[in-house]
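The chain contents come next:
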Amino acid sequence: MAKRLEIYKCELCGNIVEVLTGGDGELVCCGQPMTLLDEKTADEGKEKHVPVIEKTADGIKVKVGDVPHPMEEKHYIEWIELIADGKAYRQFLNPGDAPEAVFEVKADKIPRVQPYGNANGLKSESDIVVEVDGVDLPVSAREHCTIHGLWKA
Ligand SMILES: [Fe+2]
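Residues numbered from 1 in each chain as written. Predicted model: local features only at pLDDT ≥ 70, side-chain atom pairs only at ≥ 80, totals over all residues.

> Explain the overall build of the protein chain to me, and be specific about the residues and the numbers.
Scanning the protein chain from N- to C-terminus turns up zero helices and 13 strands. From first element to last, N terminus to C terminus, the protein chain shows the α and β order β-β-β-β-β-β-β-β-β-β-β-β-β. For the protein chain, with 153 residues in total, the buried portion stands at 25%. Here the analysis covers contacts within the protein chain between residues at least 6 apart in sequence; of these, 51% occur between residues at least 24 apart. (Helix = DSSP H or I, 4+ residues; strand = E, 2+ residues; numbered from the N terminus. Buried ≥ 20, exposed ≤ 12 C-beta atoms within 10 Å, placed from the backbone. Contact = placed C-beta atoms within 7 Å.)

Spelled out as structure tokens, the structure:
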């Protein structure tokens, strides 16, 4: 059973999909079940993947990671996603780009009640809180590395 914001990969063809609305069915590609990607949250090894979330004058910047990740032809960060205030933002990247993205995030003066529970990742206790427009917003960020998979902060 798929849940909102889960990310699945086909091990045969490499298709990667994100769930917008969960259903009871099993996601299948190339005739076999797709793999639910694990959200890794701790770096190991020399390359750094955990997203670093920073407040900027206009919004929120997400860097991968605390030491910039390589952006080479076969090994790079494909996209960075930010979830904030019930919205999902995504920046797609290419080899040679900087491994970072700036999202123009505006906050409602009164934080909206999150319409979704913790299960779908829109808001969880592990979210980082960033003050935007005088409002403390819980935010989370994810990124996908072509070699090392899915990472979350
Ligand atoms: Fe990597």
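> Describe the nonpolar core, and please don't skip the residues or the numbers.
Among the nonpolar cores identified, the biggest contains 19 residues, and Ile60, Val62, Ile80, Leu82, Ala84, Val139 and Ala141 are the most heavily contacted of them. It is strand S8 (residues 77–84) that provides the largest number of residues to this core, a total of five residues. (Core = buried A, V, L, I, M, F, W, Y, C linked by C-beta atoms within 7 Å.)

> Tell me about the sheet that holds strand S7 (residues 60–64), and please be specific about residues and values.
Read across the open sheet, the three strands follow the order S6-S7-S10; overall the sheet is antiparallel. Either end of the sheet is taken by a strand with one partner, and the two such strands are strand S6 (51–55) and strand S10 (100–103). Strand-to-strand twist across the sheet, computed as the mean angle between neighbouring axes with direction ignored, equals 20°. As defined by bridge partners, S6 adjoins S7 across five bridges and the pair is classed as antiparallel. Note that in S7 the partner of Glu54 across the bridge is Lys61. (Pairing = 2+ DSSP bridges. Axes fitted to C-alpha atoms, helices over the stretch in contact; angles between N-to-C directions.)

> Describe the environment of Gly96, naming the residues involved and giving the relevant values.
Here Gly96 is to be found in the loop between strand S9 (87–92) and S10. For Gly96, a count of 9 C-beta atoms within 10 Å gives the class exposed. Each C-alpha atom, one on Gly96 and one on Glu73, is 7.9 Å from the other, the two residues being 23 residues apart in sequence.

> Got a sec to walk through the pairing of S9? Specific residues and values, please.
Bridge count for S8 against S9 is six bridges, and the pairing is antiparallel. Residue pairing in the sheet places Ala84 in a bridge with Lys87 of S9. Once S8 ends, the chain turns through two residues before running back antiparallel as S9, passing Asp85 with a positive phi of about 55°.

> Explain the environment of Ala153 to me, using residue names and the numbers behind them.
Among the structural elements, Ala153 can be located in the segment after strand S13 (149–152). We classify Ala153 as buried; it has 20 C-beta atoms within 10 Å. Between the C-alpha atom of Ala153 and that of Ile53, which follows or precedes it by 100 residues, the distance is 7.8 Å. Other than its neighbours up to four places away in sequence, Ala153 contacts Thr41, Val50, Pro51, Val52, Ile53, Ile128, Ser140 and Ala141.

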